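Here's the letter readout for the chains.
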Amino acid sequence: MKTLAKITKEEVEHVADLARLKFSEEEKEMFTEQMGKIITYAERLNDLNTEDVEPTTHVMNVHNVLRADEERPSVSREEALKNAPASKDGQVEVPSVLD
């Protein structure tokens, strides 16, 4: 197995700062070691021969299954507005959020 990727405590602190996290010194040491192991494991992918592998976004042939866009009956405007706290001109009336 390859040697662990060297991740510094400063890099862990930088990532924690970006994520708005605060870690104790003990946690920083632990995450430095863990992140090094994760990077080392991910670097193993560089050893794979991908010369004849076609780029893909999914490992399986995935496609959306959508129903046909067909007009069908729906609730009436009056039915939709009957539970609204307030309505005006056939629309739900809400408090203004902009001055």
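Summarised in this report is the structure supplied together with it. (Residues numbered from 1 in each chain as written. Predicted model: local features only at pLDDT ≥ 70, side-chain atom pairs only at ≥ 80, totals over all residues. Heavy atoms only, no water.)

Tracing the backbone through its elements, the reader meets Lys 28 in helix H2 (residues 25–43). Setting aside chain neighbours within four positions, we find Lys 28 in contact with Lys 9, Val 12, Glu 13 and Phe 23. (Helix = DSSP H or I, 4+ residues; strand = E, 2+ residues; numbered from the N terminus. Contact = heavy atoms within 4.5 Å.)

The residue Arg 20 is not glycine, and still its phi comes out positive at about 60 degrees. By secondary structure assignment, the location of Arg 20 is in the loop between helix H1 (9–18) and H2.

Between H1 and H2, the least distance of the axes is 9 Å, while the angle of their chain directions is 105 degrees. Relative to H2, the element H1 lies roughly perpendicular. Counted together, Lys 9, Val 12, Glu 13 and Val 15 of H1 and Glu 25, Lys 28, Glu 29, Phe 31, Thr 32 and Met 35 of H2 form the full contact between these two elements. Here the contact of H1 with H2 is built from residues that sort into four nonpolar, one polar and five charged. (Axes fitted to C-alpha atoms, helices over the stretch in contact; angles between N-to-C directions. Parallel < 35°, antiparallel > 145°, perpendicular 65-115°, else oblique. Nonpolar A, V, L, I, M, F, W, Y, C, P; charged D, E, K, R; others polar.)

Going through the model one piece at a time under the given rule, you end up with five salt bridges. The shortest N-O distance in the salt bridge between Glu 79 and Lys 82 comes to 3.3 Å. Judged by its relative accessible area of 55%, Lys 82 falls in the exposed class. Each of Lys 9, Glu 13, Glu 25 and Lys 28 takes part in one network of salt bridges that share partners. (Salt bridge = Lys/Arg side-chain N within 4 Å of Asp/Glu carboxyl O. Buried < 20%, exposed > 50% of the residue type's maximum accessible area, 1.4 Å probe, protein only.)

By themselves, these are just geometric observations and shouldn't be taken as functional.
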